[in-house]
Amino acid sequence: MFIELEGVAKIYNQGQINEVVALRDIDLRIEAHTLNCLRGASGCGKSTLLSIIGCVIQPTSGRAAVAGLQPARMPDRFLTVHRRRCIGFIFQNFNILPALTVRENITLPLVPQGLNRRAMAERVDRLLQRFSISHRGNFPAGRISGGELQRVAIARALVNDPPLILADEPTAHLDSGLSREFMEYMAALKQAGKTIIITSHDPQVTEHPAVDRVIDMKDGRIDVS
Ligand SMILES: Nc1ncnc2c1ncn2[C@@H]1O[C@H](COP(=O)(O)OP(=O)(O)OP(=O)(O)O)[C@@H](O)[C@H]1O
Ligand SMILES: [Mg+2]
């Protein structure tokens, strides 16, 4: 099993007046090489669950194992390395740095790997070609189109060749053509052996034929009704 969560709960600001129980009693198993969607109303805990799977935050209680490792048992510095190596995150607004060039944005997650400049440039070149953005490599990322930006975000998530790709509402700001294109890329990545989890309420995402499983959430729980 590639991801295993058992009795996972997440409480923000525990014990304080602004305490929020975001997740309760989550049991979830996700197999490798599958494409999965997390679906549910705003505030039901999708992003929180994705962040726990992505080792960005730790659960308040329960057990999580992601790609063979238990994040709660690892010191922070190992967790950072694990996350960089194993997980590619695609954010809702893509979190691309507008003042940096497209090439610099994609290179950024590679820098701590300690590769030499030439090896980094070769790897980035391959991604620029694969996503048809070579002609934009030296453009400031703030000056490219929405579709190009989406491809830069996917390329950046892939630069360390992680086995797990997580995307939080990736099509929220895309038109339907670009949403379709995004899912075609995800389908191809699944074919290439990646495990993918996407949070979305967009039917163009959740009803795509490449999706193996839709996990419904409600009020911080997995909804099995
Ligand atoms: N850092 C935080 N501190 C306190 N409460 C938080 C924090 N992040 C999320 N929450 C709360 O936890 C609950 C779950 O939030 P989460 O962002 O996981 O939901 P979501 O399903 O992703 O919603 P959306 O569809 O709007 O993105 C919400 O009530 C939210 O307000
Ligand atoms: Mg969210």
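Relevant structure appears above.
Residues numbered from 1 in each chain as written. Chains lettered and ligands numbered in written order. Predicted model: local features only at pLDDT ≥ 70, side-chain atom pairs only at ≥ 80, totals over all residues.

Colleague: Before we go on, may I ask you to explain the overall build of the chain in this structure?
Modeller: For the chain, the count of helices and strands is seven helices and nine strands. In terms of C-alpha radius of gyration, the chain reaches 18 Å, essentially the compact-globule figure of 17 Å for 225 residues. Projecting the C-alpha coordinates of the chain onto the three principal axes gives extents of approximately 50 × 40 × 35 Å. Scored against the burial criterion, the 225 residues of the chain give a buried share of 37%. Of all intrachain contacts in the chain linking residues separated by at least 6 positions in sequence, the fraction that spans at least 24 positions is 73%. (Helix = DSSP H or I, 4+ residues; strand = E, 2+ residues; numbered from the N terminus. Rg over C-alpha atoms; globule rule 2.2 N^0.38 Å. Buried ≥ 20, exposed ≤ 12 C-beta atoms within 10 Å, placed from the backbone. Contact = placed C-beta atoms within 7 Å.)

Colleague: Sorry, what's going on with the sheet that holds strand E4 (residues 61-66) here?
Modeller: Sheet strands pair via backbone hydrogen bonds, and the direction of the pair is either parallel or antiparallel. Pairing in this open sheet of three strands is antiparallel, and the strands run E2-E1-E4 from one edge to the other. The open sheet is flanked by strand E2 (20-30) and E4, the only strands paired with a single partner. Ignoring strand direction, the axes of neighbouring strands in this sheet form an average angle of 25 degrees. Two strands pair when backbone bridges link them, and strand E1 (residues 3-12) and E4 are joined in this way by five bridges, in the antiparallel orientation. Paired with Ala9 across the strands is Ser61, a residue of E4. (Pairing = 2+ DSSP bridges. Axes fitted to C-alpha atoms, helices over the stretch in contact; angles between N-to-C directions.)

Colleague: I would appreciate a short explanation of the environment of Arg126 in the present structure.
Modeller: With respect to the helices and strands, the residue Arg126 is situated in helix H4 (residues 117-130). Residues Arg126 and Met74, spaced 52 residues apart in sequence, show a C-alpha to C-alpha distance of 33 Å.

Colleague: Any chance you could explain the site of ligand 1 here in plain terms?
Modeller: Around ligand 1, the neighbouring residues are Tyr12, Asn13, Val20, Ala22, Gly40, Ser42, Gly43, Cys44, Gly45, Lys46, Ser47 and Thr48. Those elements that place two or more of their residues in the shell around ligand 1 are E2 and helix H1 (46-53). Here the shell around ligand 1 gets three residues from one element, more than from any other, and that element is H1. In terms of residue class, the shell around ligand 1 is built from four nonpolar, seven polar and one charged. (Near = placed C-beta within 6 Å. Nonpolar A, V, L, I, M, F, W, Y, C, P; charged D, E, K, R; others polar.)

Colleague: What is the right way to look at the nonpolar core in this model?
Modeller: Nonpolar side chains in soluble globular proteins tend to end up buried together. In terms of nonpolar packing, the biggest core is built from 52 residues, with Ile53, Leu127, Val152, Ala155, Leu166 and Ile197 touching the most fellow members. For this core, the leading source of residues is helix H5 (residues 146-158), giving seven residues. (Core = buried A, V, L, I, M, F, W, Y, C linked by C-beta atoms within 7 Å.)

Colleague: Whenever I open this one, the sheet that holds strand E5 (residues 87-90) confuses me. Can you help?
Modeller: One open sheet holds the six strands; their spatial order is E5-E6-E7-E3-E8-E9, and the pairing between them is mixed. Two strands bound the open sheet, and with one partner strand each, they are E5 and strand E9 (221-222). Pairing of E5 with strand E6 (residues 164-168), which is carried by four bridges, proceeds in the parallel orientation. The residue of E6 that forms the bridge with Ile87 is Leu164. Sitting on the sheet, helix H6 (residues 176-191) touches strand E3 (35-39), E6 and strand E7 (195-199), and the angle it makes with E7 is about 150 degrees.

Colleague: Would you mind going over H5 with me for this structure?
Modeller: Working note: α-helix, 3.6 residues per turn, so residues spaced by three or four point in the same direction. Counted at 1.5 Å a residue, the expected span for H5 with its 13 residues is 18 Å, and the 19 Å between its end C-alpha atoms agrees. Taking burial as the measure, the 13 residues of H5 include 10 buried ones, the bulk of the element. Where H5 is concerned, the buried positions are Leu149, Gln150, Arg151, Val152, Ala153, Ile154, Ala155, Arg156, Ala157 and Leu158. Lining the buried residues of H5 we find E5, helix H3 (102-107), H4, E6 and H6. (Expected span 1.5 Å × (residues − 1).)

Colleague: What's the story with the packing of H5 against H6 in this structure? I'm lost.
Modeller: Packed helix pairs are specified by the crossing angle of their axes together with the interaxial distance, meaning the distance between the axes. The N-to-C vectors of H5 and H6 enclose an angle of 20 degrees; their axes lie 11 Å apart at closest approach. The orientation of H5 with respect to H6, classified from their angle, is roughly parallel. In terms of crossing hand, the pair formed by H5 and H6 is right-handed. In this structure, H5 uses Gly146, Gly147, Gln150 and Ile154 to contact H6, whose residues at the interface are Leu178, Glu181, Phe182 and Tyr185. Considering only residue class, the contact of H5 with H6 consists of four nonpolar, three polar and one charged. (Parallel < 35°, antiparallel > 145°, perpendicular 65-115°, else oblique. Left-handed = near helix turned anticlockwise from the far one by under 90°.)

Remember that the coordinates give geometry; whether it matters functionally is a separate question.
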